[in-house]
Structures are given as C-alpha cells and as structure tokens.
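Chain by chain, the residues:
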Amino acid sequence: MKALKSIGDFLFKKNWKPIWELMYGGAKGRGKSFLGCRFAWLFTNWVSDYFDLKPTDRPLPVFFMGRKEGTVFSTTTLVSWSKAIPRDMYEIKEQKKQIIINKRACIHYGGMDDNSVINRFNSAEYAGYFIDQPEECTERDVGMVRGTLRLRHNGKTPPYRGILTPNPSECWLLDSFIDNPQKNTEYIQALYTDNP
C-alpha cells in the first residue's frame, strides 16, 4: 500500500515542509473521500495535541472540509465521514456547519456555493483542509481555502496541510499537480487496491 504509506508520511514525517498539499486522485470507488475524512479527523486531533488544546464550550476552528455544492457535500462526503469516524469521536452542529472533535477543536464544513462559507474564508484561520471532488471547483475556489492556512495559537505555528481528492478530469488540477507540479505539492494515484 504505497499510497497509504506516502499519506502517513504526509501527516507524520519529522522533517515537515511548512505547507504541503496532496492530491490523492483516481477513479470512483477508490476510497478517496473516506481517506480525506480520516485525514481531517487525524490532523485535527494532531493539531489539538500540538496546541495542547483543552475541552471547552468554544473549540478552536482548525480545519475546513468541503465541496463545490454544499447539499452534495452533505449527502456524500458527510456520509463518508459517518462511516470513517466512530460516532463517539465527534459531534456535528448542522446549523453552524461544524464538527466538534473531543470538545477541543472544530472542523468547519460546507460548499463553495454558500455565501456564508465564502464569507467565512475572509477571516478564517485554519491549519488544514480537505476538498472533495475539487475538479468541480475552480482554482479560485480552492485558492480561497488555501488562503486560510495561517492559524497560529499561543505563539505556535503548525505545519499546514491540504488534501484534494478528485476523480479524473481535464482541468486545472492536471497542470498544477501532474504536468507542472507546483512547489510543496504531491500527487498520489488512488488505486483499486487501496480500497479492498
């Protein structure tokens, strides 16, 4: 499982790059959304430990996960979340579009078609993000999320991480990750063997 080892390195390697974006892309049914949800949960827990966050009524927002259309996110990616993460490990606040992790940190979620989500990006500060089906998004949509990677807490700056999980498509991702890879990006192909 070369892909999963590379993704483990992406999360936990000792010599971190300050910003690192991973595209884990391949055909439908390869476990991409499941992996993106696990990444969001694991990384949010890691950031909680890194910042030594304590349980509170107002958990620190540290992560964003979304898709182009919010309603589609709720009926697909959020369903994958419920399969990927044990129910006793989080609390969903649908009105606020938040997933609370151990009462220490929160993940904001939603669609790029929702003005309240877009407006949040103007002031949001996150340590990471997961965009499911980014081939549906414009590069500008994803750029708005990338611009939120500026979270600092108690004088500490975490390594920033982003993961994109597209299906194959002729779009801006091809150039940015495969033909002319940008600095601090990596592409790992999602194979059928990654999702037995």
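Preceding block: the structure.
Fair warning: this is a prediction, and the values are worked out from it, not measured in the lab.

Asker: Teacher, can you tell me more about the overall build of the chain here?
Answerer: Within the chain one finds seven helices and eight strands. Residues classed as buried in the chain amount to 49% of the 196 residues present. Considering only residue pairs separated by 6 or more positions, the chain has 73% of its internal contacts joining residues 24 or more positions apart. Put simply, the chain shows about 9,900 Å² of open surface, and 50% of that area lies on carbon and sulfur atoms.

Asker: Mind showing me how you'd approach the packing of helix α6 (residues 139-146) against helix α7 (residues 172-179) here?
Answerer: When two helices pack together, their arrangement is given by the angle between the helix axes and the distance between those axes. Contact geometry for α6 and α7: axes closest at 10 Å, N-to-C directions at 60 degrees. Considered as vectors, α6 and α7 are oriented oblique to each other. Contacts between α6 and α7 involve Glu139, Val142 and Arg146 from the first element and Trp172, Ser176 and Phe177 from the second. Split into classes, the residues belonging to the contact of α6 with α7 amount to three nonpolar, one polar and two charged.

Asker: What exactly am I supposed to notice about the nonpolar core here?
Answerer: Soluble globular proteins tend to pack their nonpolar side chains together in the buried interior. Phe63, Phe64, Met65, Trp81 and Ile99 are the most contacted members of the largest nonpolar core, which has 50 residues in total. Here this core gets seven residues from one element, more than from any other, and that element is helix α2 (residues 32-50). Once residues lying within four places of it in the same chain are set aside, the contact partners of Met65 are Ala40, Phe73, Leu78, Trp81, Ile99, Ile107, His108, Tyr109, Gly110 and Phe130.

Asker: Help me out: how do you make sense of the environment of Ile92 in this one?
Answerer: Tracing the sequence through the fold places Ile92 in strand β3 (residues 90-93). Setting aside its immediate chain neighbours within four residues, Ile92 contacts Leu78, Arg87, Gln98, Ile99 and Tyr109.

Asker: What's the story with the side chain of Thr77 in this structure? I'm lost.
Answerer: One can find Thr77 in helix α4 (residues 77-84). Using a relative accessible area of 0% as the deciding quantity, one classes Thr77 as buried. For Thr77, the contacting residues outside a window of four places in its chain are Cys37, Arg67, Val72, Phe130 and Asp132.

Asker: What is the right way to read α6 from this model?
Answerer: For an α-helix the count is 3.6 residues per turn, leaving residues at separations of three or four pointing the same way. Within the span of α6, buried status applies to Asp141, Val142 and Val145. Relative to the axis of α6, the buried residues are bounded by an arc of 90 degrees and lie together on one face.

Asker: Please clarify how the packing of aromatic side chains should be interpreted in this entry.
Answerer: We describe a pair of aromatic rings using the distance from one ring centre to the other and the angle between the two ring planes. For the structure shown, the criterion picks out ten aromatic pairs. Between Phe39 and Phe43 the ring centres are 5.7 Å apart and the planes differ by 10 degrees, which places this aromatic pair in the stacked class. Taken together, the residues Phe39 and Phe43, both in helix α2 and four residues apart, mark about one turn of the helix. Phe43 shares its class with Phe39; the two are buried. Each member of the aromatic cluster is reached from another via a ring pair, and the members are Phe39, Phe43, Trp46, Tyr50, Phe51 and Phe63.

Asker: When you look at unusual backbone geometry in this model, what are you seeing that I'm missing?
Answerer: The general pattern is negative phi for most residues beyond glycine and trans for most peptide bonds. In the Ramachandran plot, Lys103 falls in the positive-phi region, its phi being about 60 degrees despite a non-glycine side chain. Relative to the assigned elements, Lys103 resides in the loop between β4 (98-101) and β5 (105-111). Overall, Lys103 belongs to the exposed group, its relative accessible area being 53%. Within the chain, Asn154 stands out as a residue other than glycine whose phi angle is a positive 50 degrees.

Asker: What exactly am I supposed to notice about the environment of Ser116 here?
Answerer: If you trace the backbone, Ser116 turns up in helix α5 (residues 115-121). For Ser116, a relative accessible area of 45% translates into the label partly exposed. Among the polar contacts made by the side chain of Ser116, one reaches the side chain of Asp114 at a distance of 2.7 Å.

Criteria and cut-off values
- Residues numbered from 1 in each chain as written.
- Predicted model: local features only at pLDDT ≥ 70, side-chain atom pairs only at ≥ 80, totals over all residues.
- Heavy atoms only, no water.
- Helix = DSSP H or I, 4+ residues; strand = E, 2+ residues; numbered from the N terminus.
- Buried < 20%, exposed > 50% of the residue type's maximum accessible area, 1.4 Å probe, protein only.
- Contact = heavy atoms within 4.5 Å.
- Areas by Shrake-Rupley, 256 points an atom, 1.4 Å probe, with all protein chains shown as cover.
- Axes fitted to C-alpha atoms, helices over the stretch in contact; angles between N-to-C directions.
- Parallel < 35°, antiparallel > 145°, perpendicular 65-115°, else oblique.
- Nonpolar A, V, L, I, M, F, W, Y, C, P; charged D, E, K, R; others polar.
- Core = buried A, V, L, I, M, F, W, Y, C linked by side-chain atoms within 4.5 Å.
- Arc of directions from axis to C-beta.
- Phe/Tyr/Trp six-rings, centres within 6.5 Å; stacked < 30°, edge-to-face > 60°.
- Polar contact = N/O pair within 3.5 Å; in protein donor to acceptor, adjacent residues only side chain to side chain.

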